[in-house]
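The primary structure of each chain is shown beneath.
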Amino acid sequence: PADPRVSSRQDPVAQPAMPPPSGFDYSKWDKLELSDDEDDHPGAKFIEENTLRRIKRETHGRQEQERGEKIEALTKTMEEGTKQLDVANGDGGSGSLSHAEKRAIEKTIEDAKLDLQKKQRERKFNADEMCYVSSERTLVGDACKPDTGNGDLDYEGFVTKHKAELETLAASSFREKGLEDMGDFFKHNVHLLTEHSMGFMLLKCLHLEMAGDRRGMLRTAKTGYALKSIMDFADAGKKQMKDAGRPFFTRLAEDDKVFKDYTDAYDDYCEKLKERAVVKKTEEATAKEKLAKEIDDAESLEEIPREQRLGPGGLDPVEVFESLPKEMQDAFESGNVDTLRDFVNKLPMNEAKLYMKRMVDSGLWVATPGQEGTALQDGDDDEDE
């Protein structure tokens, strides 16, 4: 009988390797040597790991040196052959070289060229040769603090958090050609590279222009337009503004034509700001006149919209009046200040102060300077509305 320990199943037939999916090109990995941690050396199991890596690197370095020497020799052969042909052809074809000799030199040059191309195709790269450091920087002190981010902040929250920094930025004069000084500022204040900063600068520009401060508007517009351009640059590269700042300013500094086109676009941006400021100023004047007319036409406070009738302390005079005791309401309606004073002075001090403060905050009562929130004690110092 068959031994039960021996499986009767046969090993599956080896399936051919599946071709790579269409659209994927793996040929770029053909020139990669095996990584240092691959133990493909014949004696790998007898050699310590670090020693094996050193041997592989030394072998790769020796092969690269030999390949470089071979390429140098082939290049020299091509240059010498080309020089010989140039000298011979310079005599109108009647030089010392025969036709057969010229053909032999041309053949040598062609063979060297093909061999050189082959050597270049066969070059292998290890991990140390696949990349290089294009730029680096060292962060010290506050620059090393983690970026807490402003992604969760809306416009109001962002402006509240960074109001002082935004005001400083709006008042900064950047004068260096290519805006290198502005680029240096944002390099140390990456958190201000946001759409909220751009919106703040835009509103600041409009307010300055509407107030007649053309010089301040142009100064702030320089920063505002840079932020707008960085945002467009980031959108085109599908990256965040904080990642697009440095390459944006580098391109401006290195390419004079790009900087000229940028400057022309900035001038157009300022002209549009001037036009918008005129329109906005007209709109605000119209809205103010409309509001004044509505207030003049209103026969009572209730007819005025609530947000427009709020007092200096943010309280609604209608709501405050309705919360007052009946005696105070009657005194207000009759305009009798003496009656109002007599009633208030009879109240406990804390209660009297509360009522008076609410009336001042709602605009029902205009208090004597320095006496806000106090009870009415002296008829000579009181003012009624």
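Residues numbered from 1 in each chain as written. Predicted model: local features only at pLDDT ≥ 70, side-chain atom pairs only at ≥ 80, totals over all residues. Heavy atoms only, no water.

Draft legend 1. Region of the structure containing the packing of aromatic side chains. Scanning the entire structure with this criterion turns up 10 aromatic pairs. Residues Phe248 and Tyr262 carry aromatic rings whose centres are separated by 6.0 Å and whose planes lie at 70 degrees to one another, so their mutual orientation is edge-to-face. Taken as a pair, Phe248 in helix α7 (residues 241–254) and Tyr262 in helix α8 (residues 256–297) lie far apart in primary sequence, 14 residues in all. (Phe/Tyr/Trp six-rings, centres within 6.5 Å; stacked < 30°, edge-to-face > 60°. Helix = DSSP H or I, 4+ residues; strand = E, 2+ residues; numbered from the N terminus.)

Draft legend 2. Structural context of the state of the cysteines. On inspection of all chains with the given rule, the structure shows 0 disulfides. Cys205 forms no disulfide, and the closest cysteine sulfur to it belongs to Cys270, at a distance of 7.4 Å. Residue Cys205 is classed as buried on the basis of its relative accessible area of 1%. (Disulfide = S-S within 2.5 Å. Buried < 20%, exposed > 50% of the residue type's maximum accessible area, 1.4 Å probe, protein only.)

Draft legend 3. View of the nonpolar core. The biggest cluster of nonpolar side chains holds 38 residues, and the ones touching the most others in it are Phe186 and Ala221. If you tally residues by element for this core, the top one is helix α6 (residues 214–236), at 8 residues. Those residues in contact with Phe186 that lie beyond four places of it in its chain are Leu169, Leu192, Leu193, Thr223, Leu227 and Phe249. By size, the runner-up hydrophobic cluster in this structure holds 15 residues, among which are Ala331, Phe343, Tyr355 and Met359. (Core = buried A, V, L, I, M, F, W, Y, C linked by side-chain atoms within 4.5 Å. Contact = heavy atoms within 4.5 Å.)

Draft legend 4. Highlighting unusual backbone geometry. A positive phi angle, near 55 degrees, is found at Lys238, a position not held by glycine. You can see Lys238 is positioned in the loop between α6 and α7.

Draft legend 5. Structural detail: the confidence of the model for the chain. For the chain, the average pLDDT comes to 77, and 70% of its residues sit at 70 or higher. Summarising per-element confidence for the chain, the mean pLDDT is lowest in helix α9 (residues 306–309) (68) and highest in helix α5 (residues 195–210) (92). Confidence drops under pLDDT 50 across residues 1–14; counting only partners more than four residues distant or on other chains, this segment forms 0 contacts. Contacts for the low-pLDDT stretch residues 377–385, under 50 throughout, to residues beyond four places or in other chains number 19 contacts. (pLDDT = per-residue confidence, 0-100.)

Draft legend 6. Region of interest: the pattern of salt bridges. Enumeration over the complete set of coordinates arrives at 17 salt bridges. Salt-bridge contacts for Asp111 lead to Lys107; the nearest nitrogen and oxygen are separated by 2.8 Å. Taken together, the residues Asp111 and Lys107, both in helix α2 (residues 99–121) and 4 residues apart, mark about one turn of the helix. Judged by relative accessible area, which is 36%, Asp111 ranks as partly exposed. (Salt bridge = Lys/Arg side-chain N within 4 Å of Asp/Glu carboxyl O.)

Draft legend 7. Summary view of the packing of helix α3 (residues 155–170) against α5. At a minimum axis separation of 10 Å, α3 and α5 run at an interaxial angle of 60 degrees. Accordingly, the angle class assigned to the pair α3 and α5 is oblique. As for how α3 packs across α5, the hand of that crossing is right-handed. Across the interface between the two elements, Tyr155, Phe158, Val159, Lys163, Leu166, Glu167, Leu169 and Ala170 of α3 pack against His196, Ser197, Gly199, Phe200, Met201, Leu203 and Lys204 of α5. Here the residues of the contact of α3 with α5 sort into 9 nonpolar, 3 polar and 3 charged. (Axes fitted to C-alpha atoms, helices over the stretch in contact; angles between N-to-C directions. Parallel < 35°, antiparallel > 145°, perpendicular 65-115°, else oblique. Left-handed = near helix turned anticlockwise from the far one by under 90°. Nonpolar A, V, L, I, M, F, W, Y, C, P; charged D, E, K, R; others polar.)

Draft legend 8. Region of interest: the environment of Gln63. Along the chain, Gln63 turns up in helix α1 (residues 49–89). Residues Gln63 and Arg123 lie 60 residues apart in sequence; the distance between their C-alpha atoms is 9.6 Å.

Draft legend 9. Quick peek at helix α11 (residues 326–334). By the burial criterion, the buried members of α11 are Met328, Gln329 and Ala331. The buried side chains of α11 occupy one side of the element, clustering within an arc of 160 degrees when seen end-on. In this structure, α11 carries Lys326, Glu333 and Ser334 as exposed residues pointing more than 90 degrees from its buried face. Its buried side turned inward, α11 meets α10 (317–323), α12 (337–346) and α13 (349–362). Immediately downstream of α11, the backbone of Gly335 shows phi near 75 degrees, a positive value. (Arc of directions from axis to C-beta.)

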